[in-house]
Structures are given as C-alpha cells and as structure tokens.
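Results of the structural survey
Letter by letter, the chains look like this.
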Amino acid sequence: MTVIDEPVDEPVREAPRGYPLTERLARYCVERSTDLPAAVSEQAKWVLLDELGCVVAGRGLPPGRLIAEYVAALGGSEQSTVVGVGDLRVPEANAALANATSSHADEIDGSHVTEGHPGASIVATALAVAQARQRTGKELLSAIVLGYDIGTRLVEAAGGRRHLITTRHVHSDFLHTFACAAAAGTLLGLSVDEMRHAFALAAAWSPATPAVFFAEREHLSKALNCGIVAQAGTSAAVLAASGFQGHDSAFEAPDGVLDVWTGGHVGPEWFADLGTRAAIEDVNFKFFSAGYPIHAPLRAGLDLLAEHGIEPVDIVRIEAHLTTNSAEIVDDRAMPSICLQDMLAVGLVHGRLGVAEAHDAALLDLPEVRRLRELISVVAAPDLDAANPRGRGGRLHIWTSDGTEHARLQEYPPGHCRAGDTSWDALVEKFLDNAGATLGRGPAEEVVAAVARLDAGGDVADLVAALGAAGPR
C-alpha cells in the first residue's frame, strides 16, 4: 500500500499590517458626498461626453463591432445600453465590456497624467450601472470622479505605467479594475464592508494583461483590455452586493495587492489628498487619432508647415525628439495608430488626423505618405527627459530641399491638462465630428444636451434614451 504523507499546512497570515488602505478606500467610497465642486462636475461632463464620442466612433471599427456582436449573442437581462447599436441592451457587466472596448477601439479616447486609459473603463462601468440601477445624473458624474480618484492613485502607488511594463511586463490599466469596482459599488449603494469585498473580488478578477498587445498588428486586444477591466470591476461590485465575500484587507494584507504589485507596504502619502484633489482634473483629452506621444510632434509639424508655407514634397528629413519613454512607445510600431512614422506622415500630408484618416489603409499606401514616412526618425532626447519626463511634449525638426531647418518645441500636446487649451465647445465639436456621422447630427446634439444638464437635475434615463434612439445611420 502506498502511503501518502499528510500535507503540512502553511501558516495562515491573516492580520493586516501597516497602513489600512482597504478600509480607508472603502470608507472614502461609501461616505464621500455626491455633491461635487462645480469645476469638478464640469470636468466629469467633459470626460463623459468625450468617452461617449469615442464609444460611438469605435463601434464602427473592428474591436467595437466584434465586441457588440459578442455581447448581443450572449443575450441576458436587458439592463444597459450598448452604445451605438440602436436600442440593444444587455446585462450591465456586458454593456460595460462592450462600451469600454469600443471607447478604446481607436487612440482618440482620453488619457491621464498617470498614463493609460482610465476613462474608457470607468465611464463605461458607471454608465452601465447607473442605467441599470436608475441613478441620477449627479450620481453618475460622482461615480466617474470616484473611479479616477481610486484608479490613478493605485497606478502611482504601483510605480506607474512604465515601471509596471519594464519590471512586470503588464500594462497599468489593469489597476483600473479597482476604479471600476469603486464606481460601480457606489452606484450600487454598497456598505463599507461590501466595498472591501468588492475590492477583494476585483483583485481576483483583475486582468493583469501582458503588455505584448503594443506589438499586435491591429488595435484589437489592446482595446479589449479596457473592456475586460470594466467588466471585471462591474462584476466584482455586483457580486459583493449579492453577499459574496473576499478578504477584508485585500490591498495591504500579506500576499495582497500591494505585495504583488509594489513589493510591499505603501504608506498613506499616496492617498493623503483624497477628497481634496480630484484626479479627474488631470485628464488629457485627445484631438488627434493616434497614440498620445504622437500628438505634440504632429501639432508642431502642422504649425510649421502652415507658418512657413512648406509642402510635404519640399521635406527631405524629419526628426521627432521625444522623451525616452515616449520614444519607446511610438517608434516604428507594427500597429499604425501608435506608430509615429505612420501617423505623422498621414497627418502632415492630409492636414489632419481624425478617426477616418488614422484607419484608412489607402492613405497609408499613398506614394506621398510612403515617401514622407521613410524620412522620419524618432530621437530620444535627454533634455526633454530632464524638463518634463511625463508631459508628452516633443520637438520636431524639419529640413526642406532648400537646406533650411525648421524646428518647434511643443511642450504639451493639444488637450493636455497642463496646456489649458480645452473647452466644452472644443469637446462638443470633437464629439459631433466623431459621432455625428454615425448617430446623425440631430441625435448627436441631443446627446450633448443630455450630458450638459446631468448635474442640474438631468436624468441618466434621458441620456441613454438619446443614445439608444440614435442607432447607426
């Protein structure tokens, strides 16, 4: 008879240690007021409108179209709208999946100074749950602001996007699963204990996706990553509301989230300004359809061409000087929308870079675009690293056939939170440009009006009615 040794149990380490982060964040989520300062509420409306435009634009691209077909085939309770597909409704977690994937189907959705794409996941989550649970416009906006407060601080505490990619080979957006759990949890009315469990369940569900998607041929699994984050965070909060439980201190307990992603304890300094500084104020809006490090050199290039009367045919050489981090992201990538050489060439030849231009293979194949692309090189610039390592700025040098060198420093891309050049009117114009062709101009304007009044008694039901009634044209 074979004798099997009895297993020896490892000692169970249950006691939380150090800074009680899980309880601190859970209590903040549950007890904070939904009455936002006017400027923060306005910023939340900007973010919501912008992400909705990205969802609609992305629905016509492969990631948005395919994920909509997927959730439609799954069926289920008709809780929440799949934006851009008429009146299609699916379970709230699946609507979050579909809308977040579509929001990042292109590179025109917003980013943040902590980098990554929190808005795609947070807005999709908050909208899906707010609709399913019949919440007010103020509650929707408050949930979006809360998501940013939680997710971006966790990214910072874990060392930031570049640190996670270079040391763990994962993209930082997975940490926004906790942001989505917080946003969904507050709309579900979770208690402090339930919110703690929602965070623990989000940790179990969190998709720590390998950053290999930067090298894929098309913008598909990169977009899906945002969708899975939204679905996971929504599901974690819904499950916690049903009574499902996890560890009470999933962040700071031994073998918890902080041990996994920060190597140990994170102190209160990372979260000391909760409630005093809204992270949503540091959102960067995009006005070109390309990876964000491409925006500053493209803006500089378009300005140089206009100012000096330069035609693309006159150009004999281009250097785009970027921070080291930015250069690594966009230099000669396989995916055109995050490849500086591709997008800068298309933008300079065409004079703009919207969703249509960024995804038009025929434009990339034009002889004048192919010629210009071969003249472009990316240079990692130590002076930009020292001056503003995360500002996403750039300096463009253009040499023309007459021997002249033209150069321009663009300290921040258009729409950057430090540039101060974004307005409601600019975002409405972007929304109508990106969404109007799909929704129809009139319905698109109704969506704009519904977002504008959310903080003044407007109803989420009015917003989703405008979105649901505005099917593809």
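Every chain is numbered on its own, with residues counted from 1 as its sequence reads. Reporting in this predicted model follows two pLDDT cut-offs: at least 70 for local features of residues, and 80 or more for side-chain atom pairs to be given and counted; totals over whole chains, interfaces and linings ignore these cut-offs and use all residues. Think of the side-chain values as coming from all heavy atoms in the structure, minus any hydrogens and water.

The next thing to look at is the overall build of the chain. Looking only at helices and strands, the chain has 21 helices and eight strands in total. Radius of gyration (C-alpha) of the chain: 23 Å, near the 23 Å computed for a compact globule of 473 residues. Each residue gets one of three labels from its accessible area relative to the maximum for its type: buried under 20%, exposed over 50%, partly exposed in between, using a 1.4 Å probe on protein chains only. A buried classification covers 59% of the 473 residues belonging to the chain. Two residues qualify as a contact provided that any one of their heavy atoms is within 4.5 Å of a heavy atom in the partner residue. In the chain, of all internal contacts separated by at least 6 residues, the share reaching a separation of at least 24 is 77%. All accessible-area figures derive from a Shrake-Rupley calculation using a 1.4 Å probe, and residue coverage is judged against the displayed protein chains alone. Put simply, the chain shows about 18300 Å² of open surface, and 52% of that area lies on carbon and sulfur atoms. Between the centroid of the 37 positive side chains of the chain and the centroid of its 63 negative side chains there is a distance of 1 Å. In this description a helix means any DSSP run of H or I spanning at least four residues, a strand means any run of E spanning at least two, and both kinds are numbered starting from the N terminus. Between the two quantities, the radius of gyration covers C-alpha atoms and the globule rule is 2.2 Å times the number of residues to the power 0.38. Residues scored as charged are limited to Lys and Arg (positive) and Asp and Glu (negative), so that His and the chain ends carry no count. Working definition for charges: the position is that of NZ of Lys, CZ of Arg, CG of Asp or CD of Glu.

What follows covers the sheet that holds strand S8 (residues 405-410). Spatially, the four strands line up as an open sheet ordered S6-S5-S7-S8, and their pairing is mixed. Two strands bound the open sheet, and with one partner strand each, they are strand S6 (376-380) and S8. Neighbour-to-neighbour, the strand axes of the sheet open up by a mean angle of 15°, direction not taken into account. Any two strands with at least two DSSP-identified bridges between them are counted as paired. Strand direction decides the pairing type here: strand S5 (residues 315-322) and S6, joined by five bridges, are parallel. Bridge pairing in S6 links Glu319 to Ser377. Each axis is a line fitted through C-alpha atoms, taken for helices only over the stretch in contact, and angles between the N-to-C directions span 0 to 180 degrees. Its contacts with the sheet place helix H12 (residues 295-308) against S5, strand S7 (394-400) and S8, and it is angled at close to 135° to S8.

Another aspect to go through is the confidence of the model for the chain. If pLDDT is low for a region, its predicted coordinates should not be looked at in detail. On a range of 0 to 100, pLDDT expresses the predictor's confidence in each residue. In the predicted model, the chain carries a mean pLDDT of 91, and 94% of its residues have values of at least 70. In this model, residues 1-17 is a region of pLDDT below 50 whose contacts with residues beyond four sequence positions or in other chains number ten contacts.

Let's shift gears to the pairing of S8. Sheet topology note: the S7/S8 ladder contains six bridges and is antiparallel. Along S8, the bridge assignment pairs Leu396 with Arg408. Remark: four residues form the turn of the hairpin made by S7 and S8, two consecutive strands paired antiparallel; Gly403 in that turn has positive phi of roughly 90°.

Residue count minus one, scaled by 1.5 Å, sets the expected span of a helix. Between the first and last C-alpha of H12 there are 20 Å, a value that for 14 residues agrees with the 20 Å anticipated at 1.5 Å per step. Within H12 the residues assigned to the buried category are His295, Ala296, Pro297, Leu298, Ala300, Gly301, Leu302, Leu304 and Leu305.

Moving on to the pattern of salt bridges. Any carboxyl oxygen of Asp or Glu within 4 Å of a side-chain nitrogen of Lys or Arg constitutes a salt bridge here. The full count for this structure, using the stated rule, is 31 salt bridges. Glu31 is the salt-bridge partner of Arg27, the closest N and O atoms lying 2.9 Å from each other. Pair noted here: Arg27 and Glu31 are both in helix H1 (residues 21-31), with a separation of four residues, about one helical turn. Residues Asp282 and Arg277 are paired through a salt bridge, measuring 2.6 Å at the closest nitrogen-oxygen approach. The exposure class assigned to Asp282 is buried, which follows from its relative accessible area of 10%. In the salt-bridge network here, residues are joined through shared partners; they are Glu23, Arg27, Glu31, Asp193, Arg196 and Asp248.

The next thing to look at is the nonpolar core. Ranked by internal contacts, the top residues of the largest apolar core, which has 88 residues, are Leu48, Leu140, Ile144, Ile280, Phe431 and Leu463. Among the elements that make up this core, the one with the highest residue count is helix H6 (residues 137-157) (eleven residues). Ignoring sequence-local partners within four residues, the contact set of Ile144 consists of Val47, Leu48, Ile122, Val123, Ala126 and Ile280. Definition used in this section: a nonpolar core is a set of buried Ala, Val, Leu, Ile, Met, Phe, Trp, Tyr and Cys residues joined via side-chain atoms within 4.5 Å. Core analysis: the next-biggest nonpolar cluster, separate from the first, contains 31 residues, Ile310, Ile315, Leu322 and Leu344 among them.

A few words on helix H9 (residues 192-205). Counted at 1.5 Å a residue, the expected span for H9 with its 14 residues is 20 Å, and the 20 Å between its end C-alpha atoms agrees. Regarding H9, the residues found buried are Val192, Met195, Arg196, His197, Ala198, Phe199, Ala200, Leu201 and Ala202. Looking at the packing, one finds that the buried side of H9 touches H1, helix H8 (176-188) and helix H10 (221-241).

All right, on to the environment of Tyr70 then. When you line up the elements, Tyr70 lands in helix H3 (residues 62-74). We classify Tyr70 as partly exposed; its relative accessible area is 44%. Taking the C-alpha atoms as reference, Tyr70 lies 22 Å from Gly119; in sequence the two are 49 residues apart.

What follows concerns the environment of Ala183. Mapped onto the elements, Ala183 comes out in helix H8. Sequence-wise, Ala183 and Val85 are 98 residues apart; in three dimensions their C-alpha atoms are separated by 24 Å.

This paragraph deals with the packing of aromatic side chains. Working definition: rings of Phe, Tyr and Trp (its six-membered ring) pair if their centres are within 6.5 Å, and the pair is stacked with planes under 30 degrees apart, edge-to-face with planes over 60 apart, and tilted otherwise. The tally for this structure, following the rule as stated, stands at five aromatic pairs. Here the aromatic rings of Phe174 and Trp261 are separated by 4.6 Å at their centres, their planes lie at 50°, and the arrangement is tilted. Of the two residues, Phe174 is situated in the loop between helix H7 (161-168) and H8 and Trp261 in helix H11 (residues 257-262); the sequence distance between them amounts to 87 residues. Like Phe174, the residue Trp261 is buried in the burial classification.

Take the state of the cysteines next. Sulfur atoms of two cysteines make up a disulfide when they are within 2.5 Å. The tally for this structure, following the rule as stated, stands at zero disulfides. Summary of cysteine pairing: Cys417 is not part of a disulfide, and the nearest cysteine sulfur, belonging to Cys54, is at 17 Å.

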